[in-house]
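Structural overview
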Amino acid sequence: MSELCPVEMAVKKQQQHGDTVFPYALVCPDTDASLANAASWVNTQRADLLNLANQHGAVLLRGFPVTGAVDFDTMVQALKLTNFPYGESLSNAVRINRTDRVFSANEAPPEVQIFFHHEMAQTPIYPRWIFFSCEIAAEQGGATPLCRSDVLYERIRDAQPQFAKACEDKGLRYTNVMPDEDDANSGMGRSWRSTLGVDSRGSAEQRLAELEYSWQWEANGCLKATSPPLPAVMEASRGRKVFFNQLIAAFSGWKDDRNDPSKAIQHGDGTPLNSEAVLSAAQMAEDLSFDLEWQAGDIALIDNTIAMHARRPFQGRRKVVASLAEMQTQTFALNC
Ligand code: FE2
């Protein structure tokens, strides 16, 4: 089997932060490479690839012979990481499993914008890694914006030091209302049964109690749940702090028939957020955005503790699939 020799490439609007680029990109110039070649290359390079994703925030693989969810699954398996199945996650998005490791990124309608977030940072369990692959690029729009969260947090600290301190000291708690049945018209329409992996109210309450959530049943069968206090800022490595939360997404986008963004998030001690500071943080994230314009076959390897992601609205068909790996847990102790 011939060896692949992917090369580093520059991408349009690639960013430079210190001695890192965002995203780091590798192209496979070998046009007759097979999937087996590609998976074997990923397997031998896996430590380097994950290091690059950690250092730079994201690695884009372009031009590899990957034509769908099953091929993507093969590439992800070659990284030899522990799978984090969607079924076990507390994600609020409706998704469809394509393989054991791969699911649709979000079934929300094309016009729905999904705002910046770290995957599942609004819950006590989150994946260290999130990988995306594009099966079909949208005719218009549909980019996946990426944002370096360490750079963002430096800017927030400079511009809004009091807000940054409140985030560090008080953390955040999130409230969302889950429907009785999946609602694919919403970016956060996953039913409480599916979210919690249960089939009765009693089991739902038991699971929520284990996770230290508080909850309330609503008249229409919906379940309103509030998380325990969770961190708003994480020290990803020594001295490298990241804005690891879902604040921007919750504040800007947790909106549907059941949810009102103004009630979706507060500090961990129950105090309200400084909405001006949140809007300014959201704008800073937008200013730092790198819009990944998908080409079919692209793969993005993202360190979920370093980079946030989002979704632009789109027109036409778009299929981007995702895979999560290495479940982590987070807890928070109030410092006030
Ligand atoms: Fe996400």
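Please refer to the structure placed before this passage.
Read on for an overview of the structure. (Residues numbered from 1 in each chain as written. Predicted model: local features only at pLDDT ≥ 70, side-chain atom pairs only at ≥ 80, totals over all residues. Heavy atoms only, no water.)

1. Considerations on the packing of aromatic side chains
If you walk through the whole model with that rule in mind, you get 6 aromatic pairs. Here the aromatic rings of tryptophan 41 and phenylalanine 64 are separated by 5.4 Å at their centres, their planes lie at 40°, and the arrangement is tilted. Here the residue tryptophan 41 occupies a position in helix H1 (residues 35-56), and phenylalanine 64 occupies one in the loop between strand E5 (58-62) and helix H2 (69-77), the gap between them amounting to 23 residues. Ring plane angle 15° and centroid distance 6.1 Å describe the contact between tyrosine 153 and phenylalanine 243, whose orientation is recorded as stacked. Pair noted here: tyrosine 153 is in helix H3 (residues 149-159) and phenylalanine 243 is in the loop between strand E15 (240-242) and helix H7 (247-253), with a separation of 90 residues, a long-range link. Residues tyrosine 153 and phenylalanine 243 agree in their burial class; the two are buried. In this arrangement the basic side chain of arginine 318 is found over the ring face of phenylalanine 314, its NZ or CZ atom lying 5.5 Å from the centre. (Phe/Tyr/Trp six-rings, centres within 6.5 Å; stacked < 30°, edge-to-face > 60°. Helix = DSSP H or I, 4+ residues; strand = E, 2+ residues; numbered from the N terminus. Buried < 20%, exposed > 50% of the residue type's maximum accessible area, 1.4 Å probe, protein only. Lys NZ or Arg CZ within 6 Å of the ring centre and 35° of its normal.)

2. Regarding the side chain of serine 149
For serine 149, the location among the structural elements is in helix H3. Among the residues examined, serine 149 registers a relative accessible area of 0% and is labelled buried. Within the structure, the side chain of serine 149 is placed 2.9 Å from the backbone nitrogen of phenylalanine 243, a separation counted as a polar contact. With sequence-adjacent residues up to four places away left out, serine 149 is seen in contact with His118, Lys241, Val242, Phe243, Phe244, Ile306, Ala307 and Met308. (Polar contact = N/O pair within 3.5 Å; in protein donor to acceptor, adjacent residues only side chain to side chain. Contact = heavy atoms within 4.5 Å.)

3. A look at the sheet that holds strand E7 (residues 114-117)
With antiparallel pairing, 4 strands are arranged side by side in an open sheet as E7-E19-E10-E17. Each edge of the open sheet carries a strand with a single partner, namely E7 and strand E17 (290-292). On average, adjacent strands in this sheet sit at an angle of 20° to one another, irrespective of strand direction. Contacting strand E10 (144-148) and strand E19 (307-311), H3 crosses the sheet at an angle of about 60° to E10. (Pairing = 2+ DSSP bridges. Axes fitted to C-alpha atoms, helices over the stretch in contact; angles between N-to-C directions.)

4. Some thoughts on the pairing of strand E21 (residues 319-329)
Bridge analysis of strand E6 (residues 103-104) against E21 gives 2 bridges, and the strand direction is antiparallel. Looking at E21, one finds that phenylalanine 103 is bridged to alanine 322. Two elements, strand E8 (residues 125-136) and E21, share 10 bridges in a ladder whose sense is antiparallel. Bridge pairing in E21 links tryptophan 129 to alanine 325.

5. A word on unusual backbone geometry
In this model, phenylalanine 22 is joined to proline 23 through a cis peptide bond whose omega is -5°. With respect to the secondary-structure elements, proline 23 resides in the loop between strand E3 (20-22) and strand E4 (24-27). The backbone of glutamate 212 sits at a positive phi, close to 65°, despite the residue not being glycine.

6. Brief notes about the nonpolar core
Core analysis: the biggest nonpolar cluster contains 43 residues, and Phe132 and Ile302 have the highest contact counts within it. For this core, the elements supplying multiple residues, two or more each, are E5, E8, helix H5 (192-196), helix H6 (201-210), strand E13 (223-226), E17, strand E18 (299-303) and E21. Counting residues per element, this core draws most heavily on E8, which supplies 5 residues. What phenylalanine 132 contacts, discounting residues up to four positions off in sequence, is Phe72, Ala105, Trp294, Asp298, Ile299, Ala300, Ile302, His309, Val320, Val321 and Ala322. Residues Val59, Leu79, Leu81 and Val321 belong to the second largest nonpolar core, which totals 32 residues. (Core = buried A, V, L, I, M, F, W, Y, C linked by side-chain atoms within 4.5 Å.)

7. What to know about the sheet that holds strand E16 (residues 265-267)
If you walk across this open sheet you meet the 4 strands as E12-E13-E11-E16, and the pairing is antiparallel. Across the chains shown, the open sheet's two edge strands, defined by having one partner strand only, are strand E12 (214-217) and E16. Averaged over all pairs of adjacent strands, the angle between their axes in this sheet comes to 15°, without regard to strand direction. Where E12 meets E13, 4 bridges bridge the pair, whose relative direction is antiparallel. Considered in E13, the bridge of serine 214 is made with threonine 226. The strands that H6 touches are E12 and E13; relative to E12, the one it contacts most, it runs at about 160°.

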